[in-house]
Amino acid sequence: MFGVPGVRVLAAQPEPDGLCLTVETDQAVAGCRSCGVLAVAHGRREQLLHDAPFGHRRVRVRWRKRVWRCREPPCPTGTFTEIHELAVPRAVLTGRAVMWATDALADDDTTVAALARRLGVDWHTLWEAVKVEAQRRLADPARLAGISALGVDEHVWRPGRFGAGRDVTGMVDLSRDQHGKVRARLLDLVPGRSGPAYRAWLDARDEAFRAGVRQAALDPFRGYANALRDSLSDAVQVLDAFHVVKLGTQVVDEVRRRVQQEQLGRRGHKHDPLYRIRGLLRHGAEHLTDRQQRRLAAGLHAGDPHGQVELAWACYQQLRQIYSGLQPAGVRRALAEKVIAGFPSCPIPEVARLGRTLRSWRAQVLAYFDTHGLSNGGTEAINGLIEKARRLAHGYRNFTNYRLRMLLAAGGQRPYRRTP
């Protein structure tokens, strides 16, 4: 009925909000903890515990703990109570309740407050117990074993517009499984958004971990690239495809706004030709319908007399084709080399600036084709889980608690959905 080895249920009493079980262990003999002499029974003492819920009902446990007395007069230990895996001494929650709550935080979209309500305890009572269990799980060295691809990204963990210490750097496992699929999981969070913060985390790992990482995806941020160069010199750095294409989108927007300002002397209004097609300029040419193509051509004809926006949009389309997957990898790699070589000499200053940026990241851009399309997509997916967990909790103020909660929510324990 209770399901704990060595514990038997003496009584079950219904309560207004659940059930109360009276239990005791089957321990018959015990030795003194100090001298080891066989102790004698000295009565019992009740300890009230909160157990994992049974369905929708709360469960409380009255544990009739046996008290033992040492018979040796010189022994400094007079009396002592029994110890069992049901609960640690002076605990309020059973070990099973702590495991239930920790698993719920790892597997489900829930909060500590909601679980504390289910158990009938205070938030602090539950979290202090869960924190110990979470730290025990995260201390397992096997958690960082077998990682061959690493991702990194930053985000803001604490709300507010001002104040230091709001940025954190997250490390994500992007290794592929036996089926060639990426099962991203959060490895750790460290304060700060800088190369030294990332390098310090890498240097704190053992030599086996650093030797196992063969590939590393990153955003176009030199701080992270320098950290990888110093701490993971053998790893192949790959510039994230999404951020490369995003740079192209920003270039098209900048050229459109500049041409708009030169033509009308103001920012775009609702009925201005270029402003009306600002959304279409972000689309891929292969996704445009016939009607959208006509709208795009009409807007460029009316608002772009010198063809600067049209040229920037054509360059953006070439950048997208590098990662589109519509052509063989060899063709797309040749296109990437052509883009890197040609963009810096473009007469459009914004495109030329993008070309110089891509030229400085040439090795990282071309490494995309050497790593079978490694990207930071899994890292962005982990950021989505983090955002959801932070919204459910209505924000955090303590970074230690935030780190443990995010590692539970996005640490890879949650089973992936499988299509029947």
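Everything quoted here is computed from the prediction, not taken from an experiment.

## Quick word on the pairing of strand β7 (residues 167-173)
Working step 1: For β7, the tally of buried residues reaches six of seven residues, placing the bulk of the element in the interior.
Working step 2: Both strand β6 (residues 149-156) and β7 contribute to a ladder of seven bridges, which runs antiparallel. Looking at the pairing, Val156 lines up with Asp167 of β7.
Working step 3: Bridge count for β7 against strand β8 (residues 185-191) is six bridges, and the pairing is antiparallel. Bridge pairing in β8 links Gly170 to Leu189.

## Some details on the confidence of the model for the protein chain
Working step 1: Averaged over every residue, the pLDDT of the protein chain is 92; the share at 70 or more is 98%.
Working step 2: The element-level mean pLDDT for the protein chain is lowest in strand β5 (residues 79-81), coming to 88, with helix α12 (residues 349-360) highest at 97.

## Some details on the nonpolar core
Working step 1: Residues Leu126, Leu150, Leu186, Tyr198 and Leu358 are the most contacted members of the largest nonpolar core, which totals 98 residues.
Working step 2: Excluding residues within four positions of it along the chain, Tyr198 makes contact with Leu150, Val152, Met171, Tyr224, Ala227 and Leu228.
Working step 3: Counting residues in each nonpolar core, the second largest holds 13 residues, with Val4, Leu21, Leu49 and Val61 among its members.

## Side note on the sheet that holds β7
Working step 1: Pairing is mixed across the open sheet formed by five strands, whose spatial order is β8-β7-β6-β9-β10. Of all the strands in the sheet, just β8 and β10 (236-239) have a single pairing partner and so form its edges. Neighbour-to-neighbour, the strand axes of the sheet open up by a mean angle of 25 degrees, direction not taken into account.
Working step 2: Relative to strand β9 (residues 215-218), β6 runs parallel, the two sharing three bridges. Bridging across to β9, Leu150 finds its partner in Ala216.
Working step 3: Of the strands in this sheet, β6, β7, β9 and β10 are in contact with helix α6 (residues 222-231), which crosses β9 at around 165 degrees.

## Observations regarding α12
Working step 1: Its twelve residues place the ends of α12 17 Å apart at the C-alpha level, agreeing with the 16 Å of an ideal helix rising 1.5 Å per residue.
Working step 2: Here α12 has its buried residues at Glu350, Val351, Ala352, Leu354, Gly355 and Leu358.
Working step 3: Residues of α12 that are buried in the fold lie against α7 (241-264), α10 (308-322), α11 (329-342) and α13 (362-370).

## Observations concerning the packing of aromatic side chains
Working step 1: For the structure shown, the criterion picks out ten aromatic pairs.
Working step 2: Their ring planes at 70 degrees and their centres at 5.6 Å tell us that Trp157 and Phe399 sit as a pair that is edge-to-face. With Trp157 in the loop between β6 and β7 and Phe399 in helix α15 (residues 399-410), this pair connects stretches of sequence that are 242 residues apart. Here Trp157 and Phe399 have matching classes, each one buried.
Working step 3: Ring plane angle 40 degrees and centroid distance 5.4 Å describe the contact between Trp157 and Tyr402, whose orientation is recorded as tilted.

## Observations regarding unusual backbone geometry
Working step 1: Unusually for a residue other than glycine, Arg90 sits at a positive phi of about 60 degrees.
Working step 2: You can see Arg90 is positioned in the loop between β5 and α1 (95-107).
Working step 3: For His394, which is not a glycine, the phi torsion comes out positive at approximately 60 degrees.
Working step 4: With respect to the helices, strands and loops of the structure, His394 is situated in the loop between α14 (377-392) and α15.

## Here's the deal with α15
Structural remark: α-helix, 3.6 residues per turn; residues separated by three or four positions point the same way.
Working step 1: With twelve residues, α15 should reach 16 Å at 1.5 Å per residue; the first-to-last C-alpha distance of 16 Å fits that figure.
Working step 2: For α15, a buried count of ten out of twelve residues is recorded, marking the element as mostly surrounded by other parts of the structure.
Working step 3: Inspection of α15 places Phe399, Asn401, Tyr402, Leu404, Arg405, Met406, Leu407, Leu408, Ala409 and Ala410 among the buried residues, and these make up the whole buried set.
Working step 4: The N-cap of α15, judged by a side-chain oxygen 2.9 Å from the amide nitrogen of Thr400 a few residues on, is Asn398.
Working step 5: Looking one or two residues past α15, Gly412 carries a phi angle of roughly 95 degrees, positive in sign.

## Looking at the state of the cysteines
By definition, a disulfide is the covalent link that joins the sulfur atoms of two cysteine residues.
Working step 1: Applying the stated criterion across every chain, the model contains zero disulfides.
Working step 2: No disulfide involves Cys75; its sulfur sits 3.6 Å from the nearest other cysteine sulfur, which is in Cys32.
Working step 3: No disulfide involves Cys346; its nearest neighbouring cysteine sulfur is the one of Cys315, lying 4.6 Å away.
Working step 4: Taking the relative accessible area as the measure of exposure, Cys346 reaches 13% and is therefore buried.

## Points about the packing of helix α2 (residues 112-119) against helix α3 (residues 123-138)
Between two packed helices, the angle of one axis relative to the other and the distance separating the axes together describe the packing.
Working step 1: Two elements in contact, α2 and α3, have axes separated by 9 Å at closest approach and are oriented at 105 degrees. With respect to α3, the element α2 is oriented roughly perpendicular. Residues Val112, Ala113, Leu115, Ala116 and Leu119 of α2 lie in contact with α3, whose contacting residues are Trp123, Leu126 and Trp127.

## Re the pattern of salt bridges
Working step 1: All told, the structure shown has 29 salt bridges when counted by the stated rule.
Working step 2: When the shortest N-O distance is used, the salt bridge between Asp230 and Arg199 registers 3.6 Å. Placement of Asp230 in helix α6 and of Arg199 in helix α4 (residues 195-204) is noted, with a sequence separation of 31 residues between them.
Working step 3: Residues Arg282 and Asp253 are paired through a salt bridge, measuring 3.4 Å at the closest nitrogen-oxygen approach. A residue pair is termed long-range when its members are at least 10 positions apart, and Arg282 in the loop between α8 (273-276) and α9 (290-303) and Asp253 in helix α7 qualify at 29 residues.
Working step 4: The partly exposed category is assigned to Arg282, whose relative accessible area is 38%.
Working step 5: Within this structure, Arg8, Glu24, Arg44 and Arg64 form a network of salt bridges that share partners.

Parameters at a glance
- Sequence order as written defines residue numbering, which begins from 1 separately in each chain.
- Since the coordinates come from a predicted model, pLDDT governs what is reported: local features require at least 70, and pairs of side-chain atoms require 80 or more to be given and counted, while whole-chain, interface and lining totals use all residues.
- Only heavy atoms go into the side-chain values, all of them from the structure, while hydrogens and water stay out.
- Buried means the residue's accessible area, taken with a 1.4 Å probe over protein chains only, is under 20% of the maximum for its type, while exposed means over 50%, and partly exposed covers the values in between.
- Helix and strand definitions follow DSSP, with helices as H or I runs of at least four residues and strands as E runs of at least two, each counted in order from the N terminus.
- Strands are treated as partners if at least two bridges between them are detected by DSSP.
- For every residue, the predictor reports its confidence as pLDDT, a number between 0 and 100.
- As used here, the term nonpolar core means buried Ala, Val, Leu, Ile, Met, Phe, Trp, Tyr and Cys residues forming a set that is joined through side-chain atoms within 4.5 Å.
- Any two residues having at least one pair of non-hydrogen atoms within 4.5 Å are treated as being in contact.
- Angles shown run from 0 to 180 degrees and are taken between the N-to-C directions of axes, each axis being a line fitted to C-alpha atoms and, for helices, limited to the stretch in contact.
- To estimate how far a helix should extend, the number of its residues minus one is multiplied by 1.5 Å.
- Note on ring pairs: Phe, Tyr and Trp rings are taken, using the six-membered ring of Trp, and paired if centres are within 6.5 Å. Classes follow the plane angle, with under 30 degrees stacked, over 60 edge-to-face and the rest tilted.
- What qualifies as a polar contact is a pair of N or O atoms within 3.5 Å, subject to a donor-acceptor requirement within protein and to the restriction that residues adjacent in sequence count only when both atoms come from side chains.
- Pairs of cysteine sulfur atoms within 2.5 Å are what we label disulfides.
- By definition in this entry, angles of less than 35 degrees are roughly parallel, angles greater than 145 are roughly antiparallel, angles of 65 to 115 are roughly perpendicular, and the rest are oblique.
- In what follows, salt bridge is the name for a side-chain nitrogen of Lys or Arg lying within 4 Å of a carboxyl oxygen of Asp or Glu.

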